[in-house]
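Topology and contacts: notes
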Amino acid sequence: IEPLLRKLADNPMEETGLITPFNIWNQMFGGLICKNGVYFISSRSGDGKSTYMFNMSKGICRLNRVKCLIIDTEMSVDLNMFMAAAAEAQVNSWYLRTGQWIKNEPVKKQVIGSFTELDKYKGSIYHMYAPNKDVKEIQNIIKRFHYNFNFIICFINIYLICDNCV
C-alpha cells in the first residue's frame, strides 16, 4: 500500500468523486458520488426518494457536466416531471397537474419563471419508469444508457412494500 499512498501524496486531490450539491457530503466524503456508480434509494412511499434523487441528479449534472439516469419503480415519468417542476417553481404540484397554475397570477409567474432553469437539464437527467422490473432488466437498462453516453450516474428508486423491513 505504501507505493499507492506515496503516489497519491505526490498529486493530492481535493475530491475523490463527483461534487454533489450537498456541501456537508462533499466535506465528509470528498465527493460521495463515484463515477459510473449505481445508487439504490429505498424507503416507504412518500418519504422523499424521488425529490432527493432529482435534487442530487440536478446538482451533479450542473456541477460536473455529466448525465444521470433515474430508474423509478414507484412514480411515472409524468408524475416525476410534475414534482420536479413544482419543486423548481416552488408551487404545489396540484397547480401543475390540473393546469390551474395559469389562473393564479403569482403561481403563473413562478411557473413561467422556472422554465429557464428546467431547460438547463434537458439532455442531462433521464428518467425511466420501471415498475415490476427484475434485476436483470434493470441491469440491461443501465448498460444501454452507459453504452450510449459512456459515463453515467444512476439512481434507482425502489419502493419498499413491507412494514418491518430489516
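As the structure is a prediction and not an experimental result, all values here were calculated from the model. (Residues numbered from 1 in each chain as written. Predicted model: local features only at pLDDT ≥ 70, side-chain atom pairs only at ≥ 80, totals over all residues. Heavy atoms only, no water.)

So, a nonpolar patch on the surface
There is a patch of nonpolar side chains on the surface, built from Ile-1, Leu-4, Leu-5, Leu-8 and Met-13 and spanning about 560 Å² of accessible area. Relative to the assigned elements, Leu-5 resides in helix 1 (residues 2-10). (Patch = residues over 30% accessible without salt bridge, like charges linked within 9 Å, V, L, I, M, F, W, Y side chains within 5 Å. Areas by Shrake-Rupley, 256 points an atom, 1.4 Å probe, with all protein chains shown as cover. Salt bridge = Lys/Arg side-chain N within 4 Å of Asp/Glu carboxyl O. Helix = DSSP H or I, 4+ residues; strand = E, 2+ residues; numbered from the N terminus.)

Observations regarding the pattern of salt bridges
Close approach of charged atoms allows side chains of opposite charge to pair. The final tally for this structure, using the stated rule, is five salt bridges. When the shortest N-O distance is used, the salt bridge between Glu-88 and Lys-58 registers 2.7 Å. Pair noted here: Glu-88 is in helix 4 (residues 77-89) and Lys-58 is in helix 3 (residues 49-64), with a separation of 30 residues, a long-range link. The same class applies to Glu-88 and to Lys-58, which are both buried. (Buried < 20%, exposed > 50% of the residue type's maximum accessible area, 1.4 Å probe, protein only.)

What to know about the nonpolar core
Nonpolar side chains in soluble globular proteins tend to end up buried together. Counting 15 residues, the largest nonpolar core has Ile-60, Ile-125, Ile-153 and Phe-155 as its most contacted members. Among the elements that line this core, the one with the most residues is helix 3, at five residues. One finds Leu-69, Ile-141, Phe-145 and Ile-156 within the second-largest nonpolar core, a separate group that totals nine residues. (Core = buried A, V, L, I, M, F, W, Y, C linked by side-chain atoms within 4.5 Å.)

A closer look at the packing of helix 4 against helix 6 (residues 105-119)
Here helix 4 crosses helix 6 at 105°, and the two axes come no closer than 8 Å. With respect to each other, helix 4 and helix 6 are oriented roughly perpendicular. The segment helix 4 lies against helix 6, with Ala-84, Ala-85, Glu-88 and Ala-89 engaging Gln-110, Val-111, Ser-114, Glu-117 and Leu-118. Residues of the contact of helix 4 with helix 6, tallied by class, amount to five nonpolar, two polar and two charged. (Axes fitted to C-alpha atoms, helices over the stretch in contact; angles between N-to-C directions. Parallel < 35°, antiparallel > 145°, perpendicular 65-115°, else oblique. Contact = heavy atoms within 4.5 Å. Nonpolar A, V, L, I, M, F, W, Y, C, P; charged D, E, K, R; others polar.)

Regarding the packing of helix 3 against helix 4
Relative to each other, helix 3 and helix 4 sit at 65°, their axes nearing to 10 Å. Here helix 3 is positioned roughly perpendicular relative to helix 4, judged by the angle of their axes. The way helix 3 lies across helix 4 gives a crossing that is right-handed. Across from Ser-50, Thr-51, Phe-54 and Lys-58 in helix 3, the residues of helix 4 making contact are Asn-80, Met-83, Ala-84 and Glu-88. (Left-handed = near helix turned anticlockwise from the far one by under 90°.)

Some thoughts on the confidence of the model for the chain
For the chain, per-residue confidence averages 82 on the pLDDT scale, and residues scoring 70 or more make up 86% of the total. Overall, residues 160-166 carries pLDDT values under 50, and its contacts beyond four positions in sequence, including any with other chains, amount to seven contacts. (pLDDT = per-residue confidence, 0-100.)

As for the packing of aromatic side chains
Scanning all chains against the criterion turns up four aromatic pairs. Both rings, one in Phe-22 and one in Tyr-52, keep their centres 6.3 Å apart while their planes meet at 10°; by these two values the pair is stacked. On the criterion of sequence distance, the pair formed by Phe-22 in the loop between helix 1 and helix 2 (23-29) and Tyr-52 in helix 3 is long-range, its members being 30 residues apart. Exposure remark for Phe-22: the relative accessible area of 29% places this residue in the partly exposed category. The partly exposed category is assigned to Tyr-52, whose relative accessible area is 23%. (Phe/Tyr/Trp six-rings, centres within 6.5 Å; stacked < 30°, edge-to-face > 60°.)

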